[in-house]
Amino acid sequence: MTASEPTTTSDAPTRTDSAGRTDSAGRTDSAGRTDPSGRTDADGLLSEQLLRLTRRLHRIQKHHLEPVGITPAQSRLLRTVAHFGEPPRMADLAARLEVVPRAVTSLVDGLEAVDRVRRVPDPSNRRVVRIELTDAGRATLRELRSARRAAAEDILAPLTAAQREVLGGLLSALVDPGPEGGC
């Protein structure tokens, strides 16, 4: 029996989902929930699944980064510094990472303490501080690539190559919605 097949002959249609849950208002979602109008909360469920996946990905990344000795946030900062053509300012990093400047300061402090980045004066304005990778920071980036691949494989293992390609396209559409879809 499917979720759309009626299960009784009463005036209000009663439907049964694959888990045997019924709903006289009309429809059920995969968790058996309906909104007051009888519509499923599919978007809410999808949002919940994405949040759960994000948390799982964070846990797996953290596990794979432990041997490297940095956190996922520090990893993201290192990758961001590496993508700039010249050493970025703290404000540039905060804007790119979409965090408050204080958060960047804390991340830089932690990475500087383990010699992965260093603060250097701006050659044209000595009041400005720039952040550059150290040799240890560049070596850490190489280690991060392996750790990120291993974490991705852990998450994506249940998917076929074709499913991974479809997922990549869907995520690209959500992450980069274009000029009309942004916040």
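Structural notes, computed from the coordinates.

### Some details on the pattern of salt bridges
Piece 1. All told, the structure shown has eight salt bridges when counted by the stated rule.
Piece 2. Glu 112 is the salt-bridge partner of Arg 119, the closest N and O atoms lying 2.3 Å from each other.
Piece 3. A residue is classified by how much of its surface remains accessible, and Arg 119, at 29% relative accessible area, is partly exposed.
Piece 4. Through salt bridges with shared partners, a single ionic network connects Glu 86, Asp 122 and Arg 130.

### Thoughts on the packing of helix H3 (residues 90–97) against helix H4 (residues 101–113)
Piece 1. For the pair H3 and H4, the least separation of the axes is 9 Å and the interaxial angle reads 110 degrees. Our classification of the angle between H3 and H4 gives roughly perpendicular. When H3 is examined against H4, the residues Met 90, Leu 93, Ala 94 and Leu 97 are found in contact with a partner set consisting of Pro 101, Val 104, Thr 105 and Val 108.
Piece 2. For the contact of H3 with H4, the class distribution of residues is seven nonpolar, one polar and no charged.

### Some words on H4
Piece 1. Spanning 13 residues, H4 covers 18 Å between terminal C-alpha atoms, matching the ideal 18 Å at 1.5 Å per step.
Piece 2. Turning to H4, its buried residues are Val 104, Leu 107, Val 108 and Leu 111. On an axial view of H4, the arc spanned by its buried residues comes to 100 degrees, and they lie on one face. Residues Arg 102 and Ala 113 are exposed on H4 and point more than 90 degrees away from its buried face.
Piece 3. If you follow the buried residues of H4, they end up packed against helix H2 (72–83), H3, strand E3 (117–121) and strand E4 (129–133).

### Structural notes on the side chain of Thr 140
Piece 1. Assignment of secondary structure puts Thr 140 in helix H5 (residues 135–156).
Piece 2. Each residue touching Thr 140, except ones within four places of it in the same chain, is listed here: Val 68, Ile 70, Leu 78 and Arg 116.

### Things to note about the nonpolar core
Piece 1. Core analysis: the biggest nonpolar cluster contains 20 residues, and Leu 77, Leu 78, Val 104, Val 108, Val 117, Ile 131 and Leu 144 have the highest contact counts within it.
Piece 2. Elements with a contribution of two residues or more to this core: H2, H3, H4, E4 and H5.
Piece 3. The contact partners of Val 108, leaving out residues within four places of it in the chain, are Leu 77, Met 90, Val 117, Arg 119 and Ile 131.

### Description of unusual backbone geometry
Most of the time, phi is negative for any residue but glycine, and the peptide bond is trans.
Piece 1. A positive phi angle, near 60 degrees, is found at Glu 98, a position not held by glycine.
Piece 2. Looking at where Glu 98 falls in the secondary structure, it is placed in the loop between H3 and H4.
Piece 3. Taking relative accessible area as the criterion, Glu 98 reaches 71% and is therefore assigned exposed.
Piece 4. Residues other than glycine seldom take positive phi values, yet Asp 115 does so here, at roughly 60 degrees.
Piece 5. Among the secondary structure elements, Asp 115 is positioned in the loop between H4 and E3.
Piece 6. Residue classification places Asp 115 among the partly exposed residues on the basis of a relative accessible area of 46%.

Cut-offs applied
- Numbering of residues starts from 1 in each chain and follows the order in which that chain's sequence is written.
- Totals for whole chains, interfaces and linings use all residues, but because this is a predicted model, local features are given only for residues with pLDDT of at least 70 and pairs of side-chain atoms are given and counted only at 80 or more.
- Remark: hydrogens and water are excluded; side-chain values derive from all non-hydrogen atoms of the structure.
- Whenever Lys or Arg places a side-chain nitrogen within 4 Å of a carboxyl oxygen from Asp or Glu, that contact is recorded as a salt bridge.
- Burial classes: relative accessible area under 20% of the type maximum marks a residue as buried, over 50% as exposed, and values in between as partly exposed (1.4 Å probe, protein chains only).
- To get an axis, a line is fitted to the C-alpha atoms, and for a helix only the part in contact is used. The angle between two axes follows their N-to-C directions and goes from 0 to 180 degrees.
- What counts as a helix is a DSSP run of H or I of at least four residues, what counts as a strand is a run of E of at least two, and both are numbered from the N terminus.
- Angular relationships are summarised with four words: roughly parallel below 35 degrees, roughly antiparallel beyond 145, roughly perpendicular across 65 to 115, and oblique for the angles in between.
- Contacts are assigned to residue pairs with any non-hydrogen atoms lying within 4.5 Å of each other.
- Any residue that is not Ala, Val, Leu, Ile, Met, Phe, Trp, Tyr, Cys, Pro, Asp, Glu, Lys or Arg is counted as polar, Gly included; the first ten are nonpolar and the last four charged.
- Here the expected length of a helix is defined as 1.5 Å per residue gap, with one fewer gap than residues.
- Directions drawn from the helix axis to the C-beta atoms are what define this arc.
- Among the buried residues, those of types Ala, Val, Leu, Ile, Met, Phe, Trp, Tyr and Cys that are joined through side-chain atoms within 4.5 Å form a nonpolar core.

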